[in-house]
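Survey of secondary and tertiary structure
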Amino acid sequence: MERFSIVRLATLKETSARVAEGAGERVIRAGGIDLLDRMKEGLEAPTELVELQSIGGEEGTALRGASEKDGGWRLGALVTLGQIAAMTDLPKAYRALQVAAGEAATPGIRNAATLGGNLLQRPRCWYFRHQDMVCLKKGGDMCYAQTGDHRYHAILGAGPSWIVHPSSTASPLLALDASVEIWDGKASTRTVPIADLFALPTVDPEREHTLSPGEILLSVQLPAPVADQRSAYATAKEKQSQDWPLAEASVRLSMRGGKMSQVRVALGHVAPIPWRAKEAEAILEGKTPSADLFVEAAKAATSPAKPLAGNAYKVPLTHGLLRQALHEATGLAEA
Amino acid sequence: MATNKTPIKVGFAGALTTVKTELPEGEPVPWDADSKLVHVGKKVPRIDGHLKVSGKAKYTYDIHLPGMLWAAVLRCPHPAAKVVSVDVGPALKEPGVKAAIALAKAGDTLKFAGQDVAAVAAERPDQAHAALAAIAVKYKKLGYSVDVVSAAHPKAPVVHEGAVGERRTEGHVGEGGGGTLQGNVRPLPPSVRGDVDKAMAKAKPELTHAAVYTVPVQTHSALETHGLLVRWDGADRMTVWASTQSIFSVRDEMAATFGLDKDKVRVVTEFLGGGFGAKFGASAPGSGLGYIAGELAKQAKAPVKLMCTRADEHVCTGNRPDAIQQVKLAAKGKALLAIDVTSHGTAGVGTGAGVGRNAFGIYTKCPNVRVTSYDVFTNGGPGTAMRAPGHPQGAFAIELALDELAAKMGVDPLELRIDHDEHPLRVKQFERGGETFGWARKRAESAKMRAGNARIRHGYGVAASLWGDFGRASAAVATVSVKPNATIEVKNGVQDIGTGIVTVLAQVAAEVFRRPLSTVTVKYGDSEFGPSVGSGGSQTTSSVTPAIRNAAEQAKTQLTARAAELLGVGSAEEVTWDDEGTAHGGGKSMTFAQVCKKIEGEAIVATASRARTYGTAPMAFPGAPLPQIAGVQFAEVTVDTWTGVVRVPHVLALHDCGRIMNELTVRSQINGGVILGTSYALMEQRVMDNDFGRMLNPNLDCYKILGAEDTPAIDIELFDVYTGANSTGAAGIGEPATIPTAAAIACAVFDAIGAPVRSLPLTPNRVLAALGAYEAKEPPLPDHLRA
Ligand SMILES: Cc1cc2nc3c(=O)[nH]c(=O)nc-3n(C[C@H](O)[C@H](O)[C@H](O)COP(=O)(O)OP(=O)(O)OC[C@H]3O[C@@H](n4cnc5c(N)ncnc54)[C@H](O)[C@@H]3O)c2cc1C
Ligand code: SF4
């Protein structure tokens, strides 16, 4: 890792200007978990880390706080995964997010990792993370994973890069219909559906999100739960301590009169972006929960999947996780 | 003092016998089943425990000397390349750089990604690493193979031209020496009993089993990486702080490398952050660390510290070779008729990819056995000894194959094992473990879950261990002093790799004098403290404790002679010591302190070593006159059939290791062995990319090692064995404790889902394939690897 300095500024405006002026050399640091990993791995050598934590006043409070408004919730970008997992006043309807935040990484990392940083972290692809391997995502001319070892890579929506999006909070937030609030670095903020924060590699294989340098993610906004909303999140890992998910399934639905409606299914770690499975939603919408129906929906969710030679296992794995999430959300016993 | 043919009570509870043993000259009567010991065998906490948990313990990594420089090594990025040119000149102009050396020269062939190319020393570690980029190297890339299947192909690029030098360490015991190299394939000496081919030909096809089992390369991944700090103390003398499990190999290597007298090289290892077999020299198996640090220090005229990066640690400091094992078994009725194992594995550019003695040495009632291992050279970092070299690999294949055969035979796997094992204690461990574990009841439950198609299935498996007491004669020389202030000092240059050997040495001295442990100090971890053994082959306790006891007994003899004088009795024979350490004779008594006060001069000092091994109870190791160490482990798994995730909630480990010297440290070793084995079973694997010929996971993120949440509840049952083999009766446990774990877990997964997962690690992709959840496209075993 090379030497760098830490810059602490008091306002969003100064912070954003500082980064925008020195794009590439200067970067925002939130919790720093991913950023410092990248620096230690020799992928990047920024000269300045511009601290988001130093922003004060109302701006700072908004970045660090969580609050309710009209039944919905606003989670500041600096709220940590640990804080999200431990919140007692969040509606049960958002359970998918709380479980996901609480199962990501390790207790120590969750205490430092911020929600904003979690959504904007770079992929874990082992070619990307290898200093000497300059793949498409690093400006090279090919994806090494496609022909190489891609056991952890995408089965859906992939190409020309086969990464999976690394964030564990992204798929539950997509299922929960969240939006993100973005400061443009000058005067205005815009709020966009979370799906619009992420971009497929077909748009730009070198980037995973749509923020420009100097733009700052301010908060994540959860809409007021729909009537009788339930949500669930399921994940599977090779290692139970400190590992990344192999796949994840998040579900949101409304259970009224024994029937499911407003069904949202989002999958994680199977595509370069958090993946909305509309095929599954269509099968479930308006139906009475049953184990067979869940199997059918799970199969539909992966029907567009195009696994590579070494990651086909993610298809049945995703089926299992989605079935689990559906059973949990609806309360239908598994056996 | 011992006489010719001394009676010694040996064996284990329920099977004790008295044997008449001819003891070596000067050997005290060994502690046997009748010895009543007060310190040895007790649960004594580590005497250095508080230093470790408080952070006061200084590891090599923590040593900083004034004016010290930091080294960094430039490593070859290609799996095979010819060096066209190397120029370290530009690096010398980089900020902070004080020395730079080339480690490869034009014309050299580099054989794996990670091999040494050049090195620098600079004032700060970041400067050293940054300066590597300035070194100008031109390579001509060559053809390579990084996996066994392609390297073994007759047309594969050849890794080693001509004969291959054996690199063996104290961690490798027994086995070794290879046959003629053909391409990249070289046979190791086979182990043969009976006539396997004839037996196979006669067997009924429905009572045979043939399948292929694979295990990955595992890296040692010690928490403290390899490294050392070298300080020249003048032109012909140096002090070396090294993260090593063999202080004296470091000394010898540095002396040989720099043409110094051995006694002018001092090596210090006070604390060591793990070794597991890979830290036997000043250098790592795949990197000349000793030369690099010493030469840079010489050129820069300053102490130089060189610690491997985590990535280096994975690629050039050793590993446990992988194996592709073809196992063929045959039975007749309820009897095993034949075991035939053919294994191809790679230790990269190194040697020693055999699969150990499990298949040959445990189920010895099977009349026909043949185990043939082949080293397949690949363009990967060299393998080296790793905690029970070969054995976990071999155990996995034979034990899972036996369970598959047992299913065809309609025999309970535990019974099959009991029926074919001749080691009396291991049989007892199987039986006892079966009861404690609730084997019969649990296996019935798992069968029911299987039949009921439950999502979460439980499964139960059992596997066995086999190791030897490889304690070495004469290698360790211990000094024991008794001082006028009634304290006892034990001195030996052994390193404590983490086993707690230092505590055990103190216990042995305390035992001989019957003095409180607090009056004993141990000086260790320094070559100045007298020759000792490397911590490998599970031989440290067995090699060093007898030397300590023998020296202590001699010091006590001298002290007794002094007591006789003081008590005014004619001979030492008339003096007796009681359990409080008080001397009695001629109707008078003197406390230990009173006798010590009258010691003439500085201290009573005695020096002694360990005698040759002179017993083999309860059963000899296959093919060698030394005691065999047994051990059995039972594992419980859960398998989530929806996700393929395997978890291991419980392991029951039943072990023996001669006399239990300290129950706490023995348990700690077994815990570590089970954890390592579970990690091997569930997640560890080096992943090589074929297109780059490089490791994809040289970190601790994607190279996964068992974490707290993955660790099973470990129950341990210990069996004291009186081997009659040395003066303390100690044997070893570090290695036997890890041999059967992965095998037992794999057998349990087979029990849980009714389908074998024949490759480690048992990751969800493999489990889901075994469950038939998707069609896995595993290529068949190519012809060139078939037996
Ligand atoms: C062992 C391990 C296991 C892990 N397991 C998981 C897991 O299971 N699931 C999971 O989701 N994650 C996992 N992680 C990743 C971890 O959760 C992320 O690295 C972390 O959430 C990043 O948050 P941060 O605040 O530290 O971000 P930083 O590292 O500070 O920032 C990440 C990136 O986002 C930018 N950035 C940060 N905040 C903002 C903002 N508000 N506006 C604009 N740009 C911003 C930074 O410039 C940087 O490029 C794991 C990490 C480790 C080390
Ligand atoms: S998946 Fe993306 S990051 Fe990985 S090698 Fe391919 S292009 Fe690079």
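Computed from a predicted structure; not experimentally measured.

As for the overall build of chain A
Across its full length, chain A carries 12 helices and 12 strands. When its C-alpha atoms are laid out on the principal axes, chain A stretches across 55 × 50 × 35 Å. Per-residue burial over chain A gives 53% buried out of 335 residues.

Focus on the sheet that holds strand E22 (residues 488–491) of chain B
Residues and elements named next belong to chain B. Strand order in this open sheet of four strands is E23-E22-E21-E27, and the pairing throughout is mixed. Two strands close off the open sheet at either side, each with one partner strand: strand E23 (520–523) and strand E27 (604–609). For this sheet, the mean inter-axis angle between neighbouring strands, taken without regard to orientation, is 20 degrees. This element, helix H14 (residues 501–513), spans strand E21 (477–482), E22 and E23 of the sheet and lies at about 135 degrees to E23. Here helix H15 (residues 540–567) sits on the sheet in contact with E21, E22 and E27, set at roughly 145 degrees to E27.

Examining the site of ligand 2
Of all residues adjacent to ligand 2, which total 15 residues, the nearest are A:Cys125, A:Phe128, A:Cys135, A:Cys143 and A:Ser161. Residue classes in the shell around ligand 2 are distributed as 12 nonpolar, two polar and one charged.

With respect to the pairing of strand E2 (residues 15–21) of chain B
Residue and element names in this part refer to chain B. Pairing of strand E1 (residues 6–12) with E2 involves seven bridges; the strand directions are antiparallel. When the bridges of E2 are listed, Val10 appears paired with Thr17. Turn length for the E1-E2 hairpin, with the two strands adjacent in sequence and antiparallel, is two residues, and the turn residue Gly14 shows positive phi of about 90 degrees.

Quick notes on the packing of helix H11 (residues 413–420) of chain B against helix H12 (residues 424–437) of chain B
Residue and element names in this part refer to chain B. Orientation of H11 relative to H12, taken along the N-to-C sense of each, is 160 degrees, at an axis distance of 9 Å. Classified by the angle their axes make, H11 and H12 are roughly antiparallel. For the pair H11 and H12, the sense of crossing is left-handed. Between H11 and H12, the contacting residues are Leu414, Arg417 and Ile418 on the first element and Val427, Phe430, Glu431 and Gly434 on the second. Here the residues of the contact of H11 with H12 are counted per class, giving four nonpolar, one polar and two charged.

A short note on the site of ligand 1
All names here are of chain A. Surrounding ligand 1, one finds 32 residues, the nearest of these being Gly31, Ile33, Ala113, Gly116 and Gly117. Looking at the shell around ligand 1, the elements with two or more residues in it are strand E2 (26–29), helix H2 (33–40), helix H6 (107–112), helix H7 (115–120) and strand E8 (216–222). By residue number, the principal contributor to the shell around ligand 1 is H7, which donates four residues. Residues belonging to the shell around ligand 1 are distributed by class as follows: 19 nonpolar, 10 polar and three charged. Two domains share the shell around ligand 1, each providing at least three of its residues, namely domain 1 (56–222) and domain 2 (229–330).

Observations concerning the packing of helix H6 (residues 247–258) of chain B against helix H7 (residues 289–300) of chain B
Residue and element names in this part refer to chain B. For the pair H6 and H7, the least separation of the axes is 10 Å and the interaxial angle reads 55 degrees. Our classification of the angle between H6 and H7 gives oblique. Both H6 and H7 take part in a crossing whose hand is right-handed. Contact residues: H6 offers Glu253, Met254, Thr257 and Phe258, while H7 offers Gly290, Tyr291 and Gly294. Partitioning the contact of H6 with H7 into residue classes produces three nonpolar, three polar and one charged.

Brief notes about H11(B)
Residues spaced three or four apart along an α-helix point in a common direction, a consequence of the helix completing one turn every 3.6 residues. All names here are of chain B. Those residues of H11 that fall on the buried side of the exposure criterion are Pro413, Leu414, Leu416 and Arg417. Buried positions in H11, seen along its axis, are confined to an arc of 160 degrees and lie on one side of it. Summarising the contacts, the buried residues of H11 are in contact with helix H10 (391–409), H12, helix H13 (439–451), strand E19 (456–464) and helix H18 (741–753).

Digging into the confidence of the model for chain B
With 98% of its residues at a pLDDT of 70 or more, chain B shows a mean pLDDT of 96. Scoring the predicted complex yields pTM 0.98 and, for the interface, ipTM 0.97.

A short note on H10(B)
Residue and element names in this part refer to chain B. Helix length check: H10 (19 residues) gives 26 Å between terminal C-alpha atoms against 27 Å at 1.5 Å per residue, within 8%. Of all 19 residues making up H10, 17 are buried, and the element is well covered by its neighbours. Of the residues flanking the end of H10, it is Gly410, one or two places downstream, whose phi is positive at about 70 degrees.

Concerning the domain arrangement of chain A
Residues and elements named next belong to chain A. Split into domains, chain A comes out as domain 1 (56–222) and domain 2 (229–330). On a C-alpha basis, the centroid separation for the pair domain 1 and domain 2 is 19 Å. On the side of domain 2, 37 residues touch domain 1, which itself brings 38 residues to the contact. The residue inventory of the side of domain 1 that touches domain 2, partitioned by class, reads 23 nonpolar, nine polar and six charged.

Some remarks on the interface of chain A and chain B
On the side of chain B, 29 residues touch chain A, which itself brings 32 residues to the contact. When residues of the side of chain A that touches chain B are traced back to their parent elements, those giving at least two are helix H8 (144–147) and helix H12 (314–330) of chain A. Looking at which element gives the most residues to the side of chain A that touches chain B, the answer is H12(A), with seven residues. Along the lines of polarity and charge, the residues of the side of chain A that touches chain B split into 14 nonpolar, eight polar and 10 charged.

Notes on the nonpolar core
All names here are of chain B. Among the nonpolar cores identified, the biggest contains 336 residues, and Ala71, Val120, Ala509, Ala746 and Val749 are the most heavily contacted of them. Of the residues forming this core, the biggest block, 11 residues, is contributed by H18. In this structure Val749 touches Gly459, Val637, Val639, Val646, Val757 and Leu762, once residues within four positions along its chain are discounted. In terms of nonpolar packing, the next biggest core, distinct from the first, is built from seven residues, Phe470, Ala611, Tyr614 and Leu626 among them.

Let's talk about the pairing of E21(B)
All names here are of chain B. Among the six residues in E21, five count as buried, and that is most of the element. For E21 and E27, the ladder comprises six bridges, and the chain directions are antiparallel. Note on E27: the bridge partner recorded for Val480 is Ala606. Across four bridges, E21 lies against E22 in antiparallel orientation. Opposite Val482, over in E22, you have Ile488 as the bridge partner. Taking the residues that link successive antiparallel strands as the turn, the E21-E22 hairpin has five residues, and the phi of Ala486 there is positive, at about 70 degrees.

With respect to the domain arrangement of chain B
Residues and elements named next belong to chain B. Entries for chain B in the domain assignment read domain 1 (220–318), domain 2 (323–469 + 618–785) and domain 3 (473–609). On a C-alpha basis, the centroid separation for the pair domain 1 and domain 3 is 32 Å. Counting from both sides, the interface comprises 17 residues of domain 1 and, opposite them, 14 residues of domain 3. Those elements that provide at least two residues to the side of domain 1 that touches domain 3 are H6 and strand E14 (265–268). The leading source of residues in the side of domain 1 that touches domain 3 is H6, at four residues.

A closer look at the sheet that holds strand E4 (residues 81–87) of chain B
Residues and elements named next belong to chain B. Reading across from one edge, E6-E4-E8 is the order of the three strands in this open sheet, with antiparallel pairing throughout. Each edge of the sheet is formed by a strand with only one pairing partner; in this case those strands are strand E6 (109–110) and strand E8 (136–141). Where E4 meets E6, two bridges bridge the pair, whose relative direction is antiparallel. By the bridge assignment, Ala81 is partnered in E6 with Leu110.

The rules behind these values
Here the residue index of a chain counts from 1 through its sequence in written order. All chains are assigned letters beginning with A, and all ligands numbers beginning with 1, in the order in which they are written. It should be noted that, the model being predicted, local features are given only for residues of pLDDT at least 70 and side-chain atom pairs only at 80 or more, the latter also being counted only at that level, while totals for whole chains, interfaces and linings use all residues. Working definition: helices are DSSP H or I runs of at least four residues, strands are E runs of at least two. Numbering for both runs from the N terminus. Labels follow a simple rule on C-beta atoms placed from the backbone: if 20 or more others lie within 10 Å of a residue's own, it is buried; if 12 or fewer, it is exposed; otherwise it is partly exposed. DSSP bridges decide pairing: two strands pair if at least two such bridges lie between them. To get an axis, a line is fitted to the C-alpha atoms, and for a helix only the part in contact is used. The angle between two axes follows their N-to-C directions and goes from 0 to 180 degrees. For every residue pair, C-beta atoms are placed from the backbone, and the pair is scored as a contact if these atoms sit within 7 Å. Placing the C-beta atom from the backbone, one calls a residue near a molecule or strand if that atom lies within 6 Å of it. Just so you know the grouping, Ala, Val, Leu, Ile, Met, Phe, Trp, Tyr, Cys and Pro go in nonpolar, Asp, Glu, Lys and Arg go in charged, and all remaining residues, Gly too, go in polar. For this classification, under 35 degrees means roughly parallel, over 145 means roughly antiparallel, 65 to 115 means roughly perpendicular, and everything else is oblique. By convention the crossing between two helices is left-handed if the near helix lies anticlockwise of the far one by an angle smaller than a right angle, and right-handed if it lies clockwise. Annotation comment: domain bounds sourced from an automatic or database domain assignment. Note that the arc is defined by the directions from the helix axis to the C-beta atoms. Values of pLDDT, the confidence the predictor places in each residue, fall between 0 and 100. Helix span, expected: 1.5 Å multiplied by one less than the number of residues in the helix. Take the buried Ala, Val, Leu, Ile, Met, Phe, Trp, Tyr and Cys residues, join any whose C-beta atoms are within 7 Å, and the set you get is a nonpolar core.

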